[in-house]
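Structure at a glance
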Amino acid sequence: MNTMIKEKKSNQKNVEQEVISAELEENNMKVRVENFNFYYDTTQALKDINLEIKANSVVGIIGPSGCGKSTFLRCFNRMNDTISSIRYEGKIRIDEKNIFDDNLDVVDLRRNVGMVFQKSNPFPKSIFENIAYGLKINGIKDKNFIAQKVEESLKNAALWDEIKDRLHKSAFALSGGQQQRLCIARALAIEPEVLLLDEPASALDPIATAKIEELIHELKKKYTILIVTHNMQQAARVSDYTAFFMLGELIECDETNKIFTNPSKKITEDYVTGRFG
Ligand SMILES: Nc1ncnc2c1ncn2[C@@H]1O[C@H](COP(=O)(O)OP(=O)(O)O)[C@@H](O)[C@H]1O
Ligand SMILES: [Mg+2]
């Protein structure tokens, strides 16, 4: 963990946190969602969600359009907070800490929980600056460190070899697939622990998609990853666990192989075999 980026973790934990910390550690859990409800005004978008996520695993989130996948993902870095009419109940713990605690710093949270969206959204800047930007706004000034971090992030996002000769050209000159890997590199540069991917490959061709999927395999060595996908084959290929949502409910979450071959609920089977959705 880089001390230039990450502040020292507070060693002041309360008793509840100590107990939960031990539980999570014992089972190698990174994230725990507890009795979580989410409302847009009077519409309940997520209903009593309970879920545990192992460190360094990939959880695929599937379900029909409008079932709450993106809403769920956006809770983990409190992106929904910008919407005025929302309300939520319950807890989401990353390590032992509830991310909704009053004393939690949302800026720190977003540093720790990176997000990449369906539509790649590079800044109107050079490739280099796209990645350096996040470091600079986090107060890093050391030019050598920044250059090193840019290179490392681009390598980790499997983009370096393709673009190392044009780092100072506009990010918009990259192909769609490269732009999406650039956005992943940008998210990685500030060293998050959890990575949220909302249909990151749905606008890409099959070759670019395969690259992103390959990349996810690599990234899980270092990160805990939640990926929303409407592509069932993709969920089957990239995720260790698959969570099936419907109408705001988490119907079941299990090992991916089980969800696709022998799910516990009939409705999951109907969905994964294409009988509806
Ligand atoms: N900003 C918003 N304001 C109000 N309702 C919303 C907003 N975003 C999503 N919703 C509603 O919440 C439900 C879940 O949406 P969403 O999380 O986008 O589903 P998914 O990603 O699975 O397609 C839908 O009924 C949708 O209309
Ligand atoms: Mg969505």
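Residues numbered from 1 in each chain as written. Chains lettered and ligands numbered in written order. Predicted model: local features only at pLDDT ≥ 70, side-chain atom pairs only at ≥ 80, totals over all residues.

Glancing now at the pairing of strand 9 (residues 241-246). Within a regular strand, the side chains alternate between the two sheet faces. Of all six residues making up strand 9, five are buried, and the element is well covered by its neighbours. Here four bridges tie strand 3 (residues 58-62) to strand 9, and the two strands are oriented parallel to one another. Within strand 9, the position partnered with Gly60 by the bridge is Thr242. (Buried ≥ 20, exposed ≤ 12 C-beta atoms within 10 Å, placed from the backbone. Helix = DSSP H or I, 4+ residues; strand = E, 2+ residues; numbered from the N terminus. Pairing = 2+ DSSP bridges.)

Once that is clear, we can look at the site of ligand 1. Tyr40, Thr43, Ala45, Gly63, Ser65, Gly66, Cys67, Gly68, Lys69, Ser70, Thr71 and Ile83 make up every residue found near ligand 1. Mapped by element, the contributors of at least two residues to the shell around ligand 1 are strand 2 (43-54) and helix 2 (69-75). With three residues, helix 2 is the single largest residue contributor to the shell around ligand 1. A breakdown of the residues in the shell around ligand 1 according to their chemical character gives four nonpolar, seven polar and one charged. (Near = placed C-beta within 6 Å. Nonpolar A, V, L, I, M, F, W, Y, C, P; charged D, E, K, R; others polar.)

Helix length check: helix 7 (residues 176-189) (14 residues) gives 20 Å between terminal C-alpha atoms against 20 Å at 1.5 Å per residue, within 8%. With 13 of 14 residues buried, helix 7 lies mostly within the body of the structure. In the segment just after helix 7, Glu191 is the residue with positive phi, at about 55 degrees. (Expected span 1.5 Å × (residues − 1).)

Of note in this structure, Asp95 is not a glycine but carries a positive phi near 55 degrees. Here Asp95 shows up in the loop between strand 4 (86-94) and strand 5 (97-98). Even without being a glycine, Leu247 presents a positive backbone phi close to 45 degrees. Examined against the element boundaries, Leu247 turns out to sit in the loop between strand 9 and strand 10 (249-255).

Functional significance is not addressed by these values, which are geometric in nature.
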